[in-house]
Each structure stands twice: as structure tokens, then as C-alpha cells.
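Report on the structure
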Amino acid sequence: RKEVEQDPGPFNVPEGATVAFNCTYSNSASQSFFWYRQDCRKEPKLLMSVYSSGNEDGRFTAQLNRASQYISLLIRDSKLSDSATYLCVVNAAPDQFYFGTGTSLTVIP
Amino acid sequence: GAVVSQHPSRVICKSGTSVKIECRSLDFQATTMFWYRQFPKKSLMLMATSNEGSKATYEQGVEKDKFLINHASLTLSTLTVTSAHPEDSSFYICSARGRGLSYEQYFGPGTRLTVT
């Protein structure tokens, strides 16, 4: 079983739509969780850390469900500029990071 | 956020030559740096983890004699691709994690290596 599993998509949504991505992880001892955004031919950029209580940053909401071992990212009011690949990253130990394969999002005008 | 630079951003070299890629943390001390490679439309693949002042830990299947990693200071790690071959052509990305920055990784802009 993979450490982190993520639906690769692609997700094609119209502008203004709400879209949600989930990511499951296998190591119940994992401590830190992140969502990164990667544009084509660019490096990943940290979008948000995911906290136990859930956190929101503008149109983006991240949640963690430890019981079911998944994290989610919700994007409201999608913009064309949100088109990218979204990577979930799980930190299982101080120098052990596991990446999902990424979920591709295309926002259509 | 923390800034990581990487140099060069693009390099084209001939088969058999060696290429050095530098990764620097500009505004924080990077206790740990990671090196990844990424093929088109594929996920990041961790190559090795390096801690300042100690030998890098390589992932299974990554040849340590081919991909030499040096993490000589808290702000600099280098990856040298030795005797490069066309199959080494890829996008190489470093990331750094700093003391006191929780467990977030900050990525460099990547180096696109083409071996002809």
C-alpha cells in the first residue's frame, strides 16, 4: 500500500465552481500535513499546512481527519489561475515526507 | 516564506560530463535538504536526504556514486551528476527544511538538465 494516495484526476471544473480533493495516508503516526501547488514545469509551492482543527485561507480550506486518515482541500469560487497540480504531503517522521502523485485541476472559462 | 534558490536553472551538457547543481537557503538555516527528480507529468521522486555535515541518505535505486551530494554548510547543498547520460535528463528540484520552521519544506525553482 502506498504511503499517500491521491486521485490524479484530472478535475475539469467551470469557473466559480467548488472543488474538493482528498488524500489518504497509511501511517497513523504521521504528524504534519501539507498541500502544495505545482504549476507545469515549476517547483511545488506551499499552499497550506493542514492543522487538526482545520484551517482556511481565503477560498481554500484544508481539513484533517485523523480517524479516517485523510486530508482534504476545498477550493471555492474557482479561478482560472487555480489550474495546477495539487500535491498532498505527509510528514511521518522528522525527515520522512511522502508525496501524493498530485491531482490535476483545470478551471475552464 | 523561506526562500530557496537553485542554480543553474537550465543546463545542457554532453554525455560523459559532470554537472553540479547548487541549492541554497537564502534566509534561513537548512538543517535538512532534499533532492528530487521529476519526469514530465510524473510525481516528484525523492533521490536523497542530506543533513548538514553528514553523509546523504539515498533512496533505494539511486546510485550514490553517480549522484554525489554534499551538504557542507547550513545554507548550501550541491548535487553533482557524474558522467551524465541522456537518461539523466530530468527536472531536478531541491527543497530545504529549517530549524524552527516546523516541518514545511521549501522548494528551489528546479534545474532542467538535458544531456545530449
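So, a few notes on the structure that sits alongside this text. (Residues numbered from 1 in each chain as written. Chains lettered and ligands numbered in written order. Predicted model: local features only at pLDDT ≥ 70, side-chain atom pairs only at ≥ 80, totals over all residues. Heavy atoms only, no water.)

Another aspect to go through is the interface of chain B and chain A. Contact with chain B, which involves 20 residues of that partner, is made by 18 residues of chain A. For the pairing of chain B and chain A, the buried interface totals around 1500 Å² over both sides, and the portion due to carbon and sulfur atoms is 54%. Taken together, the connections running from chain B to chain A amount to zero salt bridges. Our count for the contact surface shared by chain B and chain A stands at four residue pairs in polar contact (both at pLDDT 80 or more). Mapped onto the side of chain B that touches chain A, the elements with two or more residues apiece are strand 4 (30-38), strand 5 (45-51), strand 9 (90-98) and strand 10 (106-107) of chain B. A total of four residues in the side of chain B that touches chain A trace back to one element, the largest contributor, which is strand 4 of chain B. Of the residues that constitute the side of chain B that touches chain A, the class distribution is nine nonpolar, seven polar and four charged. (Contact = heavy atoms within 4.5 Å. Buried area = accessible area lost by both parts, 1.4 Å probe. Salt bridge = Lys/Arg side-chain N within 4 Å of Asp/Glu carboxyl O. Polar contact = N/O pair within 3.5 Å; in protein donor to acceptor, adjacent residues only side chain to side chain. Helix = DSSP H or I, 4+ residues; strand = E, 2+ residues; numbered from the N terminus. Nonpolar A, V, L, I, M, F, W, Y, C, P; charged D, E, K, R; others polar.)

All names here are of chain A. Tracing the backbone shows phenylalanine 60 in strand 7 (residues 60-65). Judged by relative accessible area, which is 12%, phenylalanine 60 ranks as buried. Along the backbone, phenylalanine 60 and threonine 103 are 43 residues apart, and their C-alpha atoms lie at a distance of 15 Å. Among all residues touching phenylalanine 60, those that are not within four sequence positions of it are Leu47, Met48, Asn55, Leu73, Leu74, Ile75, Arg76, Asp82 and Tyr86. (Buried < 20%, exposed > 50% of the residue type's maximum accessible area, 1.4 Å probe, protein only.)

Residue and element names in this part refer to chain A. On inspection of all chains with the given rule, the structure shows two disulfides over all chains. Paired by a disulfide, cysteine 23 and cysteine 88 hold their sulfur atoms 1.7 Å apart. The S-S bond linking cysteine 23 to cysteine 88 shows a torsion near 45°; that makes this disulfide right-handed. One end of the pair, cysteine 23, is in strand 3 (residues 19-25); the other, cysteine 88, is in strand 9 (residues 84-93), and 65 residues separate them in sequence. In terms of burial, cysteine 23 and cysteine 88 fall into one category: buried. (Disulfide = S-S within 2.5 Å.)

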